[in-house]
Structure formats: structure tokens, C-alpha cells
Amino acid sequence: MKIIPEITKESIKDLIGNNQREDGRTIDQYRDISIETDIISKAEGSAKVKIGGTKVIAGIKLQVGAPYPDNPNLGVLMTNCEMVPIADPTFEVGPPNEESIELARVVDRGIRESKMVDLEKLCVEEGNHVWMIFIDLHVLDNCGNLFDACELAVTAALNSTKLPTASIGDDGLVIDKENTFDLPLNEKVVMSTFVKIGSEMVIDPSLMEEDVSDGRLNIGVTEKGLVCSMQKGGMGPLNKKEILDCVNIAISKSSELLNLIK
Amino acid sequence: MITDGVRVDGRKLDELRPTKIEVGVLERADGSAYLEVGGNKIIAGVYGPRESYIRRLLEPNTGVIRCRYNMAPFSVDDRKRPGPDRRSSEISKITADALRPSLMLENYPRSMVDVFIEVIEAEGGTRCAGITAASVALADAGIPMTDIVVACAAGKVDGEIVLDLSEKEDKEGEADLPIAIMPRTGEVTLLQSDGNLSEEEFSKALDLAIDGCMQISEIQKEALKNKYLESME
């Protein structure tokens, strides 16, 4: 359990009351963001995202497998996140905890509900063979706002993913790794995360701001500016105006984030 | 796999893969290092010495080291299931054993040094690369140590003794001999071997691996110096 001094809480709240932050940003400003893609040659798609000091890597692995019986013609999408103990002194070794499961599920929901990946085009043979997309997130350095960094890394990694050609020949399934094409994507998606500090909603929280905040709101936005996924986290309640204001800012920030993904 | 003394990737028999080390790559960890050797990409991070929250590991008269070697699911050709398996548990243990002799933990009773090794991409020889990176990260964390441990493998491919096996050579070769040493004294802190070697071949491979370690040791020291040169600029 982390102990935050009262004086730190008070000074962060005071700053934010004056539209200032501990690192000099305004309350609706992101830290510097950088994205590198194709960093893992053994993965079919990959990306490393830095938001300030936060660093995450997303890797995409592809396998042909059996579809779910209720969707025999759809590819399968799976998102997993490892908050490895290298990233933060409070992260521990062991099976995924509640936090990393929530992180993976919120990121997954953004990708899934925006229908970013065209799952129908991932069907090789209806009912028997479809592409399964494994999205693995590796958090390397936690300096706050893992949600936006992870969503950005997954979108950038999927955008760089090359899919081998799969077909059904006389002897069954044939995978041709030499002939690849881009993973079929519809609209891309990005996420903006806000935390409530005092009476203000602050975008892209630093670790310190996360620690002193009362509540959190994640908003996934598609390329067309539609809200495709949301999640409220943290103990503190949010009022209607705060939520609507955040949605408005998230939509206006989305083009800024999408422009970073080539 | 070997023609006229040249290996599949164009190296000579006693040549290392291109190696690069960067120090201080993570913000939260007390010490960290990034290492690339051939196609391997590895990040090592160190926390501590810190209070041991695992009571059974606590020692009343010395600090202890705990290592965790972990491969990212996307680091290999066929996705690796996340979490520990028997292979990574063994590597974690021998990594701790390889690093421990260099650390002066007697000054830190009841505390723990955590070493985390994340394999981001694997291309043969990750245990050696992990130890090499971890030792640099320990130095970066400012933990008192008598030496910087360095690891390298030699092996036998197509009947020839070669240095620093690539993934292909490791899979298709005849023998693999990873070692770690403390270069100042030459003491060996890790030694494993699989595959058949005659006494003469073993001796030759050991000498070759030690020679490889000494070369990598220079890269480790250079990387640590560079961090401080950069911070002075």
C-alpha cells in the first residue's frame, strides 16, 4: 500500500485548481508521446509507445485455430496484459491481478467494440479454421496512464500487422508466410483517460496524479469520432457534467492521437 | 552450417554477434539496462536493496537476491503462454546463483535485491544475455559489487567449436556450453552444458567462451561509462 503525504495531495490539488500541473502541463494536455512500430521481428505486428516516462510494448501473434461455435465465420481476438514487476516497485510476480485484468479488458473493449479488426475477413474455412489474433501487452515502465499508452500501442501494432496467406488445399490447411498482406482494419480507435482531482477532470494523469485522484474515466473514440467504449474506475463518483465534458475533450483529442499512428 | 570457417550468418568461428548495451533505460527501476545481441532484445531492471516482504526469504545476517527471467508472449515464433514455466524457473534460479557471488549483500541484512529480466525478443542465448544485462543493471542501481558478471556461450556446430551460438546453431548444433564469469578473477559463476563434447573439445569451448566473456565485459564497462559521460554533457 502506497502512502501519499497530505502535503503532496494538497499541493497537487491547489495547482490543478489554478489550471496548472506538477510537470508544467495544462489540465487538457498530454505528455510527449512517441510511437515506434515493427520493433519485434518475430511478432507479426508490434509497437512501443512512450507517454512521458510510461513505456509499453504491444506484440501481435497470429495462429489459425477453431472459431467459437456461435460465430463460425469470425476470427478470434484475445487481449492479455502483463504488468511485470520490472515496471513498478509495487507490481508483484504472479498471475494477473485485478488491475491488469481490468486494463486488458478495457483496452480489448475499445478494439472489439469499434470493430477495428475486420473479423469476417479472418475466416479461412467457416466452422473449422479462422485466424486467432493474440494481443499481448508488456508494461515496462509505469509513470501513469497505462490505459492510453496500451490502447495506442495495440492500435499501432495492429496497424503494422502482416497476415500470412492461409488457404485450404488438398491436404488441409496451407499457410504461406512468404505472401503476407495488411491485417484488414476498419476504423482505428484511441483512448483518452481522465482522473478527478478536486473538482477538475485531468487528462493523461501522471503517476502522482493517479495516486491522489478520486475517480477515473476511460473513453475510447473511433476515427469517425464515435464513443465506442467507456469505463469508470476508482472510488470517487463523477457527475453528469464532468462525464459530458470529458467525452467532448476525448473526441477533440482523438484526431491528435490518431495522427501519431502512421 | 559451416563452410570454409564461415558460419550461416557470416561470422567467423570465434566471432560474437553484434552487441549493444544501454544503461538507465527505465525511470521507475533503481537500475536498468537494455541489451541487444544478434536478434535478442532484453531489458533488465533492479529494485533494492529493499525490505524483504517475503518472510521465508529473509536472512538475519545478509541481504538476498531474487531473480525472475520472463519471456514476452510475442518474443518467440510460436506465442509463448504468459507466466512462469519450468524452463524460466530454472533460468531464474541459475541467474540468481550466477550474480550472487559478485554482490556485497552482507551490508544489507534482512533486505532483498530484485532482478527482473524481460526477454522482449529471443534469438538464442537469452540466459547469457539476461545475466550480462542484469549485472549492468545491478551496477546502475549502485549496489556494491566486487565485479560485473558477464555471460557467453560456446558450442559445437558441424564438428567445430564456435562462439556465441545463434538460435539456428543452438537448435541444429551438437552442443551448447553457456558460462558466466567474474572477469577480474576469472571465477566461473554459471556453467551448463548440453550435447556431447570430448575432454579436449570441452576445454577448447570453455576457453573460447571465457574469451567471449572478456570481450563482452568491455562493452558492459563502456556502456556504464557512457551513461555518466552523457549525464555530464
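This is a predicted model, so every value here is computed, not measured. (Residues numbered from 1 in each chain as written. Chains lettered and ligands numbered in written order. Predicted model: local features only at pLDDT ≥ 70, side-chain atom pairs only at ≥ 80, totals over all residues.)

Moving on, we get to helix α1 (residues 6-17) of chain A. Helical geometry: 3.6 residues make up each α-helical turn, so side chains three or four residues apart lie on a common side. Between its terminal C-alpha atoms α1(A) stretches 16 Å, which fits the 16 Å expected from 12 residues at 1.5 Å a residue. Asn19(A) sits one or two residues past α1(A) and shows a positive phi near 55°. (Helix = DSSP H or I, 4+ residues; strand = E, 2+ residues; numbered from the N terminus. Expected span 1.5 Å × (residues − 1).)

So, on to the sheet that holds strand β4 (residues 31-37) of chain B. Residues and elements named next belong to chain B. Spatial ordering of the open sheet is given by β3-β4-β5-β7-β6, a layout of five strands whose pairing is mixed. What marks the edges here is a single partner per strand, and that holds for β3 (19-23) and β6 (64-71). The sheet shows a mean angle of 15° between the axes of neighbouring strands, taken without regard to direction. Bridging between β6 and strand β7 (residues 111-121) involves eight bridges; their strand directions are parallel. Bridge pairing links Cys67 to Val115 in β7. The sheet contacts of helix α1 (residues 86-99) involve β6 and β7, and relative to β6 the element is tilted by about 140°. (Pairing = 2+ DSSP bridges. Axes fitted to C-alpha atoms, helices over the stretch in contact; angles between N-to-C directions. Contact = placed C-beta atoms within 7 Å.)

Facing the 24 residues of chain B at the interface are 28 residues of chain A. Elements supplying a minimum of two residues to the side of chain B that touches chain A: β5 (40-51), β6 and β7 of chain B. The dominant element in the side of chain B that touches chain A, judged by the number of residues it contributes, is β7(B), at five residues. Among the residues forming the side of chain B that touches chain A, the class breakdown is 11 nonpolar, five polar and eight charged. (Nonpolar A, V, L, I, M, F, W, Y, C, P; charged D, E, K, R; others polar.)

Once that is clear, we can look at the pairing of strand β6 (residues 129-141) of chain A. Residue and element names in this part refer to chain A. Along β6, 12 of the 13 residues are buried, which leaves the element largely enclosed by surrounding structure. When strand β3 (residues 54-65) meets β6, the two strands line up antiparallel, connected through 11 bridges. Directly across from Ala58, in β6, lies its bridge partner Leu137. Note: strand β4 (residues 76-82) against β6, seven bridges, orientation parallel. When the sheet's bridge partners are listed, Thr79 is paired in β6 with Ile135. The pairing of strand β5 (residues 123-125) with β6 spans two bridges and is antiparallel. (Buried ≥ 20, exposed ≤ 12 C-beta atoms within 10 Å, placed from the backbone.)

This part is about the pairing of β3(A). All names here are of chain A. Along β3, nine of the 12 residues are buried, which leaves the element largely enclosed by surrounding structure. Pairing geometry for strand β2 (residues 45-51) and β3, over seven bridges, is antiparallel. Across the sheet, the residue bridging to Ala47 is Ala58, located in β3. Turn length for the β2-β3 hairpin, with the two strands adjacent in sequence and antiparallel, is two residues, and the turn residue Gly52 shows positive phi of about 55°.

Residues and elements named next belong to chain B. Contact geometry of α1 with helix α2 (residues 126-140) gives a least axis separation of 10 Å together with a crossing angle of 45°. Relative to α2, α1 is oriented oblique. Note on packing geometry: the crossing formed by α1 with α2 is right-handed. When α1 is examined against α2, the residues Ile91, Thr95, Ala98 and Leu99 are found in contact with a partner set consisting of Arg127, Gly130, Ile131, Ala134, Ser135 and Leu138. Classifying every residue of the contact of α1 with α2 by side-chain character gives six nonpolar, three polar and one charged. (Parallel < 35°, antiparallel > 145°, perpendicular 65-115°, else oblique. Left-handed = near helix turned anticlockwise from the far one by under 90°.)

Averaged over chain B, the pLDDT score is 95; the fraction of residues at 70 or greater is 100%. Model confidence for the complex is summarised by a pTM of 0.91, with the ipTM given as 0.86. (pLDDT = per-residue confidence, 0-100.)

Residue and element names in this part refer to chain A. On the basis of which strands lie adjacent, the open sheet formed by four strands has the order β10-β9-β11-β12 and antiparallel pairing. Sheet topology places β10 (200-203) and β12 (227-233) at the edges, where each strand pairs with a single neighbour. Pairwise comparison of adjacent strand axes, ignoring direction, gives a mean angle of 25° for this sheet. Helix α2 (residues 98-113) rests against β9 (189-197), β11 (215-222) and β12 of the sheet, and its axis sits at about 165° to β12.

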